[in-house]
Each structure stands twice: as C-alpha cells, then as structure tokens.
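Overview (structure and organization)
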Amino acid sequence: MLAGQIAFYVLAAAAIGSGIGVIAFRNAVYSALSLIVNLFCLALFFLMLNAIFLATVQVLVYAGAIMVLFLFVVTMLSPENDESLPTPDRLGLWQRGAAVGLGIILAGAIGYIVVGQAALHPDAVATGAQDLASQISRNGNTEAFGQALFHGFLFPFEVTSVILVAAIVGAVVLGRRTSSREGE
Amino acid sequence: MLLSLNSFLVLGALLFCIGLFGALSKRNAISVLMGIEIMLNAVNITLVAFSSAFQHSAHGARLSGQVFAVFIITVAAAEAAVALATIIAIYRRKSSVDVTEINMMKW
Amino acid sequence: MAFTYAISGGDWARIAPELALLVAALLVMLVDALIPARLRGALVIIGVMGVLAALAGVIMLYASSGSPSAFGGMVTSDPLALFATLVILAATGLSLLLSPGYIERQGTRQQGEFYALVMLAATGMVLMAASTNLMMIFLGLELLSLPLYVLCAFAPGQQRAQESGMKYFLLSSFASGFLLYGMALIYGATGATNLGGINHFVATHAMSATAGFGPILLGGMALLAVGLAFKVSAIPFHAWTPDVYQGALTPVTALMSVGTKMAAFVALIRVFDVALAPVRADWQGIMWALAILTMVGGNILAATQTNVKRLLAYSSIAHAGYLLIGIALGTQAGIAALLYYMAAYAVMNVGAFGVVLALERVAGLGTNLDDYRGLASRRPALAAALAVFLFALAGIPGTAGFVAKYAIFAAAVTGGHAELTIIGVVASMIGFYYYLRVIWAMYFVPAPDMPAAEAANANPHLSLAGLNSAVVTKLAASGTPLAFSAGLALALALIGTLGLGIFPAPLISLARQAAGLP
C-alpha cells in the first residue's frame, strides 16, 4: 500500500515535470521527447487504475504512433534543430564510457534473469498466474472492456471509423495539393 | 487501493493547466498542438480515475470512462494527422510554422 | 455478461439520414476514382441525391412510431433531432448547389474530395444533433469538425485559406479540450455519460450541498458551456469566426455558419435545457450573460466591418446571441422559438452567402463593401436577392427573420425575461444600420469605374457549360455568370425566406412539436 503511494508520487512528479518540460523547452524536439515521457507516465497511471487495455493503447498508439508522427514532422520542418541536438561526434568520452558501462550492466542483468528463470519456484509461478487470473476476473479488465466496447458502445466505435475515414481523406487532400502545385 | 480519487483528480487538473498554459503561450503551431495533447491526456486520466472510483457500481458506469478515453485517443490520432498535414502544407509555402506569423488577417 | 446487447435492423433505420449522407460521401469518392477529370463537376449530383435520400429518411422517421431511441440510448430520432436534421439538410443541399462553377473558378482540382468532405461534415452535424450520450456528442462534433478543418484550408494557392484552416483547427481543438474536461467532470459527478442517466441522477439528488459531487458538477457544466459556446461562436469565444468565415471557400462558410450552429445548439438544448434542467439555477446565469454579450457585441463589431464576408460573419455571431436567448430561458417555448429561428436563419444566411459567392472572384476578391457599389444597376436580380436576404437578417416584417425574432422575443417575455427582449431589440436596431449600409451601397451609391467587372468578364472558367438557362442569362447582365445550380439555390433560398415569413404556421407547429409542446 505504501509502495503504491510512493510510486504514485514519484510518477506524478515525473508526469508533471515532463509536462512542464514540454512547454519549457525552446527546442521542439526536446518538447516532443518530454511529451513521450509524459504519455508513458500516464500509461503507468492507467495500470495503477486497473485500466490495462487503455495503458497498452496509450503506449502503442499515443506514445508510439502519434508521437513518432510528431517527431517526424518536427525534425522535417526544422532541420536547423539538428545542430542543437548533440550528435554522436560531439559526445564526450565520459558519456561513451557511461553508455558502455550501463550497457554491460543491462546485458548482465538480462542474462541473469534469462539463465536464472528455471530457478523460479513452480508454486510461485502458479500463484502468480492465479493471482493475475483472479485479478482480471475480479476487476474484469480487458475482457470486460471488450464486452463493453463491442456491445453497449458498439455504435460510437463504428462512428470512430467514419472519423478516421474523414481524417484520411483530409490528410490526403492536404498532402496532395502541395505536391500537385510543386509539379506545376 | 489506498490512493484516493482526489490525488488523481488533482494530477489531472495540474496537467490540464500545464497543457492550457502551453497551448496559450507557445508560438510554434506544433508546440501549441503538444499543449493540446497534454490537455486531452489530463482529461483521460480524470476519466479513468472516475471510472475506477465507480468500481462497485454497474458495469456500464464503470467502463464508460475507459471507453470514452479510448475514443479520445482515437480522435486525437485523427486530429494529429490532419493538423500535421496542414502544418506541412503551410510550411512548404512559408517556411515557418510560427502562429504569430499567421497574420494575414486582422482580428 | 452484463452487456449482452444485439443490434437490430430497427436501430439502423433510426439513423437513416446519417447513413444516406455517409453512403453519398463514400459513393462520391468511389465514383471520383472511376470517371475522367473533366466530369468531376457532376459529382455534386451524387451529393444532392444523398441529401434527398436523407430527406426521405427524415420523412420516414416522422411517420414511424415506436421508441425513437437507438443503439442502446446512444442516438435518437426524436422530433428535435429530425427538425435539426431538416435544417442541416437544407443548409447542406443549398451549399452543394452553390458549389459548382464557384469551386472551379477558385481553381480547385480535387472536386471529388471537396464534395466527399462536405457530405462527411453533414453526417457529423446530423449525428451530433441526434446524440443522446456525451460520448456521441463529442464524436459527432469531431466528425463535423475534421472535414471542416480541411475544407477551410481547401482553396488552392491561397495562403489565407490554409491559415484560416490552421487557426480554426488550433482554437477548435483547444475548445474540444475544455468540452472534454467538462464531460469528464459531469461523468464523475453523475456516474453516467448518457443524458438520461445524468438527468436521473441530477433529478434524484437535487444537488444539495451534501451531495459531495456538487462542485465537480458545477465545474463540468461551466467547462462544457465554454466548449459549446466556442462552437456556436458566442462572445467572448468568437475570435476565430471572422477569420475562418472570410478565409474559407464561400459554400463552406455557408454550411459551417448554419450546420455547426444547429448541431451545437441541439447539443446545448439536450445537455442544459433537458438533462440538466433540475439544476437550471446553476447554469442559467452563464447563458443569460453569454446571450447578452453575444447579441450586443456581435452587432457592434459587425457595424465596423468593410468586407461583406466578414460583416456576415459578425452578423452570424449576433444571431447566435438571439439564439442563446432560447437556451437561457430554459422553457419549451424558448426551445421552439430557437428552432424556428434556426430554420429561418438557415435559408436567409445561406442565401446571403450565395449572393456573395456569385459576386466573388478568385482568392476572395470582390467581397469588399466598395465592390457592391452600384450593384443594382449592374446586376439587378442579384442585388434584389441580396436585399431580401439582408432585410430578412435584419428582421423586416414579411420575411422569415421577422417571425423568428418575434417568436424568440415573445418567448423571452412570457418566460419572465423581458430584459433580454429589450436588449435584443436594441441590438437589432444596430443590426439595421449595417444591413442597410450594404443595401444603400448597392442601390444609392454609383459604381466606381468598371475595371473590376471587366476583369471578371475575362475570367476563363466561367460558366458550367451547357447548364445555362434563362435564369442565368438574366442574372448575368455583367460580371461572372451564375451557374444554373447556384441560381436554383438562390431561388430556393428566396422562396424559403419569403415563404417562412408569410406562411410560418406549418414550420412553427413542427418546431413546437420538436420542443415537446402540443
């Protein structure tokens, strides 16, 4: 319980800090990266609130797809920003050293887990699995969510598909017009 | 869960204000858009916090908050696509996405 | 599970108008890909047929019996939704008819996408008006907004259009943020997103101080009001309106000024006047202040304009103020008056924009007040049509605008808010000034030298070949000839403006039915 509260406050600090970072950085690339951190923090909050599916969607769609689009546009539109970003050439020796050190630690940790997995006690595995199953059945998450989405909320779900069609047509129109004009 | 509904609501409100400030204070269209994204995410955390507070009520009330949040994410994706396409179209013409330079029209 | 819920054919029949518009949008895109480029102008026919099919759907639903609710209470086809659908269909149909010729003149190549986006926006408007769930209101709003963002940025080679599209997008999604936060708080306060559930909770809990969720509900209402006030361009959330209306292609402006308003006002009616009626004391003050600010501010700002498109944009803000009276009253008579006003506004406003469109040259040129000087001698038919529309907007007896203003002011008096009537009448007096200024310029100020008109004559993409008729030749005494379909649209709008002014009874009874009055 206490751990949950500590986790909440640490995450809340990270979420608010990265949120402030989005608006405080002058460089749009840093802003976009801060926004990704912010979205990840929110995904973890969704997990704390038992919204497992939503957390997954948040990471995959929001922090993944949407923010990649943002970063793509930011870097495409402001090539001068490349110079303000530290490039590999300008990385200090200590940074490379730290990177190598952390990489070795990470590789070692993963190796230890992979090799040591067989050592997990079978009862612990069974308990863990049962706990997860009971949690899901108690809190009814992804399954209940799917039931809700495709029964009670089926109609709004269908409407979002129309919205996506409109967005696709719109993006194509806006994109194609400039290219056809350049072709003139 | 010991974490109270209020702490999530306060977090949502804080994030909403941060996004609001960003959307109002930034001059770059993409940064304004990022401020709006933070606002939408603040709404999502609020919705999910409420939906988890309704844990013991009927399924409909509990899950509609989560379903609403998924729809907001979907719409945000659609909006981002259209907005970024517009930004690129403007940029190709002007080489600037500064909203204060969008000044051909007087107020 | 608790959600076993099957969708029947009856559910789909309840959204027949939306489906007709959506199918038309998809058909436009499909046919667009199959026909040669020179035939694309004919795609408007598919759009118009979609509107007619949707109209047939509305008539079918008016005739049908049974529960209007569909898809588990997500949408409805009650008389309110059907009336709003009629208004939106009128605006969509007239805007479609105004488009051929004009959008080619503006150099638009992607006509298929233009018509498809118009139909998608209309689908969103109808859907929003039919929504009975906060989620559906949001989705309908986004479905109407996304195509409009693109349509606003549509005029090729026009920086102003792209900028107005961007400005609309940023301010509109900003407002959506407020709207959503308000919806989230209302959901938290009442535990429901469907309006029936919200109404039930609010009615049974009566929002006493001990209810606990009181402040959350208050905050939610305030934020939701801000979000929707932005969409109906109420002052002080109006700043985007003049720029966007001026920068967008004129048929889009016409559609937006009527369709978005209608959809957003129905949402306001459903949320505030119906679902949140038990806590009317908490929100009535906001709407009252918004109505007064918008009426007075809109008219004063309009009086200072020198561009006719901008003037009409500010006038549409002023009309949003009169319409807000209907919301602020919270009575069924107020809602009925609002609906009738909206129908009248649809024909007279689209008509006025139609004349502006007929006179507009490439890139928004020819929309300044100076360009209208001496119009009566150059193009008497167009000048007369514009004069009728402007008289109607000003509220001269014999036109739809007069009946509409009378109905809403009378509802304010019987609803116990005579002060709104007094302020409204004073604001309308300011309105007379700027509407008459345009008419004065057309009839009593001599035309400047004629090079502008000569230039328009030399414009190569003028007429819609082969569709010309006596109407066109008569209207086209000088300047850009009017496409046949645009002439038809103006004629329909004229009939509507005068017809609703002289025989208002049938539509008034329809509006009263929509408001739940006998």
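Please refer to the structure placed before this passage.
Below you will find a few notes about this structure. Source: prediction; values computed, not measured.

This part covers the overall build of chain C. What chain C contains, in helices and strands, is 23 helices and two strands. For chain C, buried positions account for 63% of its 518 residues. In chain C, the proportion of contacts linking residues at least 24 apart, taken out of those at least 6 apart, comes to 80%.

Regarding its fold elements, chain B presents three helices and zero strands. Looking at chain B residue by residue over its 107 residues, the buried ones come to 64%.

Generally speaking, nonpolar side chains in soluble globular proteins are found buried as a group. Residues and elements named next belong to chain C. Judged by nonpolar contacts, the single largest core of 298 residues is most densely connected at Val87 and Tyr341. Of the residues forming this core, the biggest block, 22 residues, is contributed by helix H15 (residues 332-359). Those residues in contact with Tyr341 that lie beyond four places of it in its chain are Tyr322, Leu323, Ala404, Ala407 and Ile408.

The next thing to look at is the interface of chain A and chain B. Residue-level contacts link 53 residues of chain A with 51 residues of chain B. Elements represented by at least two residues in the side of chain A that touches chain B include exactly helix H1 (2-24), helix H2 (28-48), helix H3 (52-77), helix H7 (142-150) and helix H8 (154-182) of chain A. A total of 12 residues in the side of chain A that touches chain B trace back to one element, the largest contributor, which is H3(A). Residue composition of the side of chain A that touches chain B, by class: 40 nonpolar, 12 polar and one charged.

What follows deals with the packing of H2(A) against H3(A). All names here are of chain A. Two elements in contact, H2 and H3, have axes whose closest approach is 8 Å; the angle formed by their N-to-C orientations is 175 degrees. When the axis of H2 is compared with that of H3, the two are roughly antiparallel. Two secondary-structure elements touch here, H2 through Ala28, Val29, Ala32, Leu35, Ile36, Leu39, Phe40, Leu42, Ala43, Phe46 and Leu47 and H3 through Ile52, Leu54, Ala55, Gln58, Val59, Tyr62, Ala63, Met67, Phe70, Leu71, Val74 and Thr75. Of the residues in the contact of H2 with H3, the class split is 21 nonpolar, two polar and no charged.

This part covers the interface of chain B and chain C. If you look at the interface, chain B gives 34 residues, while chain C gives 33 residues. Those elements that provide at least two residues to the side of chain B that touches chain C are helix H1 (5-25), helix H2 (29-53) and helix H3 (59-94) of chain B. Among the elements that make up the side of chain B that touches chain C, the one with the highest residue count is H3(B) (16 residues).

All right, on to the environment of Ser377(C) then. Topologically, Ser377(C) is positioned in helix H16 (residues 375-378). Along the primary structure Ser377(C) and Phe444(C) are separated by 67 residues, whereas in three dimensions their C-alpha atoms are 9.8 Å apart.

Attention shifts here to the packing of helix H3 (residues 43-63) of chain C against helix H6 (residues 111-130) of chain C. Residues and elements named next belong to chain C. Look at H3 against H6: their axes get within 9 Å of each other, and the N-to-C directions meet at 10 degrees. Taken together, the axes of H3 and H6 lie roughly parallel to each other. Taking contact as the criterion, the partners of Leu43, Val44, Gly47 and Gly50 in H3 are, on H6, Gln111, Gly112, Tyr115, Val118 and Met119. Here the residues of the contact of H3 with H6 are counted per class, giving five nonpolar, four polar and no charged.

The next point concerns H2(B). Along an α-helix, a turn takes 3.6 residues, which lines up residues three or four apart on a common side. Helix length check: H2(B), at 25 residues, gives a terminal C-alpha distance of 36 Å against a target of 36 Å (1.5 Å per residue), a fit within 8%. Buried residues dominate H2(B), accounting for 25 of its 25 residues.

This part covers unusual backbone geometry. Across the junction of Ile235(C) and Pro236(C), the peptide omega takes the value 10 degrees, indicating a cis bond. At Asn50(A), a residue that is not glycine, the phi angle is positive and equals roughly 65 degrees. You will see that Phe71(C), though not glycine, has its phi angle at about 55 degrees, which is positive. Its location among the elements puts Phe71(C) in the loop between strand E1 (69-70) and strand E2 (75-76). Looking at Phe71(C), the number of C-beta atoms within 10 Å reads 24, which means it is buried.

All names here are of chain C. For H3, with 21 residues, the first-to-last C-alpha span of 31 Å sits near the 30 Å given by 1.5 Å per residue. What H3 keeps buried is the set Leu43, Val44, Ile46, Gly47, Gly50, Val51, Ala54, Gly57, Val58 and Leu61. Down the axis of H3, the smallest arc covering the buried residues is 160 degrees, so these residues share one side. The inward-facing, buried residues of H3 abut helix H2 (16-34), helix H4 (79-98) and H6.

With that out of the way, let us pick up the environment of Ser31(B). Residue placement: Ser31(B) occurs in helix H2. Overall, the presence of 24 C-beta atoms within 10 Å leaves Ser31(B) in the buried class. Those residues in contact with Ser31(B) that sit more than four places away from it in its chain are Ala28(A), Ser31(A), Gly22(B) and Lys26(B).

Residue and element names in this part refer to chain C. Tracing the backbone shows Gly501 in helix H22 (residues 484-502). Along the sequence, Gly501 and Met135 sit 366 residues apart, while their C-alpha atoms lie 38 Å from each other. Contacts of Gly501, omitting those with residues within four sequence positions, involve Ala392, Gly398, Thr399, Ala400, Phe402 and Val403.

Each value, and the rule that gives it
Residues numbered from 1 in each chain as written. Chains lettered and ligands numbered in written order. Predicted model: local features only at pLDDT ≥ 70, side-chain atom pairs only at ≥ 80, totals over all residues. Helix = DSSP H or I, 4+ residues; strand = E, 2+ residues; numbered from the N terminus. Buried ≥ 20, exposed ≤ 12 C-beta atoms within 10 Å, placed from the backbone. Contact = placed C-beta atoms within 7 Å. Core = buried A, V, L, I, M, F, W, Y, C linked by C-beta atoms within 7 Å. Nonpolar A, V, L, I, M, F, W, Y, C, P; charged D, E, K, R; others polar. Axes fitted to C-alpha atoms, helices over the stretch in contact; angles between N-to-C directions. Parallel < 35°, antiparallel > 145°, perpendicular 65-115°, else oblique. Expected span 1.5 Å × (residues − 1). Arc of directions from axis to C-beta.

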